[in-house]
Amino acid sequence: MSAINNLIVKIGRSVGGVVGTLYQAGRDAVDTTIRNVIPFMAFISFIIGLILTTGVGDWIAKGLKGSASTLPGLLLISVVCAIPLISPLLGPGAVIAQIVGTLLGVEIGKGNIPAQYSLPALFAINPQVGCDFIPVGLALGEAEPETVEVGVPAVLFSRLITGPLSVVIAYFASFGLYSK
Amino acid sequence: MNLQSLILLSADVTVEKQDGFLGVLATAAEDFIKVFNKGGEVLLSLMGGILPTLIVLLTAVNALVRLIGAEKIEGLGRAAARPGIQWYPVRYIVLPFVAVFMLTNPMAYTMGRFLPERFKPAFYDSAVSFVHPILGIFPHANPGELFVYVGIATGIQQLGYGLGDLAVRYLLVGLVVIFIRGIVTELITARMMKKGA
């Protein structure tokens, strides 16, 4: 009798555990959505609304069209974003990358920038990723202060090489993407 | 401004255009509200388009990560710490991928604690560079910075293309880039450490 009892308790417990985990996962998902995703959507929607209804759009389109629809233009963007003095300023929250990404998205949607360039553009606007966060990120990895001292410039200088390189790789990887 | 007048402003106006000062004011008000009408349309399409999928996906992957248990990947961290050329792909492709997938941004960088000091900056560089390329397929890893990818993806969607191709290529090129980034940063770190010592 106690064996059956044990079995029932065991099953009940594991089922409860799984259901509890799923429920908590859902709670986390909704929490992140409300606190992180929707506010940014609201902000981005406002910017898109502004771009589409005012003349700002044409002005941005002219600026972006020249630079974002050629490989040298994208390389230029990536080099600027990777300059060690600028990259930590562009980093925080990836806000700049998200805004520029959205602007490019609008122009791609309007056909001003070829769809194929979406892939290299994703890398061109982002060589500064995490450049503001290097000391904290290294501290999370329990790095010694000496490592942080060397690590910050090492990552920043590395980006000057790997930033433009990533654009070139993405450019070659984008052949055949969305081409009719 | 009450709701009634907002509705009136946002409705399509069919009467003749007014002249004079009041007419200018009215046009200005219409242009003003047009910006937010358009913004609202965009917001609704975003919330109706990607948000439901995102919530369900976040729930599923969160549950998966919890059921597997984040502590299971510690063995991988120890394996990645080994010297030798065959461990480079583990350190700068497999470990960043698994860490970002399981621990998400910013906790993924804690996996650096299993590595010797000389690899830590390179691992951070590698892991942090992957928090965006993963978004196309696994947005749970970094939902707060979703628009780096979604911003451009929205444009592709408007053209009527599927996003699968872009998402997969972004992920794969991302893996190649973080591998190169890890190696380059490791070399630079080694040189700088030698100079300092």
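See above for the structure.
I would appreciate a short explanation of the packing of helix H1 (residues 2-53) of chain A against helix H5 (residues 95-110) of chain A in the present structure.
To describe two helices that pack against each other, one gives the angle between their axes and the distance between the axes. All names here are of chain A. The contact between H1 and H5 brings their axes to 11 Å, and the two run at 45°. Considered as vectors, H1 and H5 are oriented oblique to each other. Where H1 crosses over H5, the two elements pack in a sense that is right-handed. Between H1, through Phe40, Phe43, Ile44, Ile47, Ile48, Ile51 and Leu52, and H5, the contact on the second element is made entirely by Val95, Gln98, Ile99, Thr102, Leu103 and Val106.

What's the story with the nonpolar core in this structure? I'm lost.
In globular proteins that are soluble, nonpolar side chains generally tend to be buried together. If you look at the biggest cluster of nonpolar residues, it comprises 52 residues, and the most contacted ones within it are Leu104(A), Leu119(A), Phe123(A), Phe147(B), Tyr149(B) and Leu166(B). Sort the elements by how many residues they give to this core and H1(A) lands first, with eight residues. Core analysis: the second largest hydrophobic core is formed by 39 residues, Val148(A), Ala99(B), Ala122(B) and Ala141(B) among them.

Hey, could you run me through the interface of chain B and chain A in this one?
How big an interface is tends to be reported as the loss of accessible area on association of its parts. Facing 65 residues of chain B, the contacting portion of chain A comprises 78 residues. For the chain B face of the interface with chain A, the top three residues by lost area are Tyr124(B), Phe147(B) and Ile152(B), together amounting to 12%. Connecting chain B to chain A are two salt bridges. Linking chain B to chain A there are 18 residue pairs in polar contact (both at pLDDT 80 or more). For the side of chain B that touches chain A, the secondary-structure elements that each account for two or more residues are helix H2 (20-49), helix H3 (51-68), helix H6 (120-128), helix H7 (147-158) and helix H8 (164-196) of chain B. If one sorts the elements of the side of chain B that touches chain A by residue count, H8(B) sits on top with 16 residues. Looking at the side of chain B that touches chain A, its residues break down into 39 nonpolar, 15 polar and 11 charged.

Can you walk me through the packing of aromatic side chains in this structure?
Aromatic ring pairs: the centre-centre distance and the angle between the two ring planes describe each pair. Applying the stated criterion across every chain, the model contains 16 aromatic pairs over all chains. Between the aromatic rings of Phe172(A) and Phe175(A), the centroid separation amounts to 5.7 Å while the plane-to-plane angle is 85°, which identifies the pairing as edge-to-face. Of the aromatic side chains, those joined through ring pairs into one cluster are Tyr117(A), Tyr171(A), Phe172(A) and Phe175(A). Over the ring of Tyr88(B) we find Arg91(B); its NZ or CZ atom is 4.7 Å from the centre of that ring. Against the face of Phe119(B) rests Arg91(B), its NZ or CZ located 3.6 Å from the ring centre.

Got a minute to help me understand unusual backbone geometry in this structure?
In most cases, non-glycine residues show a negative phi, while peptide bonds are predominantly trans. Phi is positive for Glu142(A), which is not a glycine, with a value near 55°. Within the element layout of this structure, Glu142(A) appears in the loop between helix H7 (134-140) and helix H8 (145-173).

Where do I start with a nonpolar patch on the surface in this structure?
Residue and element names in this part refer to chain A. A cluster of nonpolar side chains, namely Leu76, Val79, Val80, Ile83, Leu85, Ile86, Phe157, Leu160 and Ile161, defines an oily patch on the protein surface of about 770 Å² accessible area. In this fold, Leu85 is placed in the loop between helix H3 (71-82) and helix H4 (87-90). For Leu85, a relative accessible area of 73% corresponds to the exposed category.

So what exactly am I meant to see when it comes to the packing of H8(A) against H6(B) here?
Direction vectors running N to C along H8(A) and H6(B) enclose 45°, while the axes themselves pass 9 Å from each other. Judged by the angle between their axes, H8(A) and H6(B) are oblique. By crossing handedness, the relation of H8(A) to H6(B) is classed as right-handed. Where H8(A) approaches H6(B), its residues Thr147(A), Gly151(A), Val155(A), Ser158(A) and Arg159(A) are matched on the opposing element by Lys120(B), Pro121(B), Asp125(B) and Val128(B). For the contact of H8(A) with H6(B), a count of residues per class yields three nonpolar, three polar and three charged.

So what exactly am I meant to see when it comes to helix H5 (residues 88-103) of chain B here?
Each turn of an α-helix holds 3.6 residues, which means side chains three or four residues apart point in the same direction. Residues and elements named next belong to chain B. In this model H5 runs 21 Å from its N-terminal to its C-terminal C-alpha over 16 residues, within 8% of the 22 Å that 1.5 Å per residue would give. Residue Leu95 marks the point of greatest curvature in H5, where the axis turns by about 30°; the proline Pro96 follows within four residues. Those residues of H5 that fall on the buried side of the exposure criterion are Val90, Arg91, Tyr92, Leu95, Pro96, Ala99, Val100, Phe101, Met102 and Leu103. The positive-phi residue at the C-terminal boundary of H5 is Thr104, with phi of around 60°.

Explain the side chain of Thr147(A) to me, please; I cannot follow it from the model alone.
Mapped onto the elements, Thr147(A) comes out in helix H8. Owing to a relative accessible area of 3%, Thr147(A) belongs among the buried residues under this scheme. Non-local contacts of Thr147(A), meaning those with residues more than four positions away in its chain, are made with Leu138(A), Glu117(B), Lys120(B), Pro121(B) and Met193(B).

Rules and cut-offs
Residues numbered from 1 in each chain as written. Chains lettered and ligands numbered in written order. Predicted model: local features only at pLDDT ≥ 70, side-chain atom pairs only at ≥ 80, totals over all residues. Heavy atoms only, no water. Axes fitted to C-alpha atoms, helices over the stretch in contact; angles between N-to-C directions. Helix = DSSP H or I, 4+ residues; strand = E, 2+ residues; numbered from the N terminus. Parallel < 35°, antiparallel > 145°, perpendicular 65-115°, else oblique. Left-handed = near helix turned anticlockwise from the far one by under 90°. Contact = heavy atoms within 4.5 Å. Core = buried A, V, L, I, M, F, W, Y, C linked by side-chain atoms within 4.5 Å. Buried < 20%, exposed > 50% of the residue type's maximum accessible area, 1.4 Å probe, protein only. Buried area = accessible area lost by both parts, 1.4 Å probe. Salt bridge = Lys/Arg side-chain N within 4 Å of Asp/Glu carboxyl O. Polar contact = N/O pair within 3.5 Å; in protein donor to acceptor, adjacent residues only side chain to side chain. Nonpolar A, V, L, I, M, F, W, Y, C, P; charged D, E, K, R; others polar. Phe/Tyr/Trp six-rings, centres within 6.5 Å; stacked < 30°, edge-to-face > 60°. Lys NZ or Arg CZ within 6 Å of the ring centre and 35° of its normal. Patch = residues over 30% accessible without salt bridge, like charges linked within 9 Å, V, L, I, M, F, W, Y side chains within 5 Å. Areas by Shrake-Rupley, 256 points an atom, 1.4 Å probe, with all protein chains shown as cover. Expected span 1.5 Å × (residues − 1). Bend = angle between axes of the 7 residues up to and from the residue.

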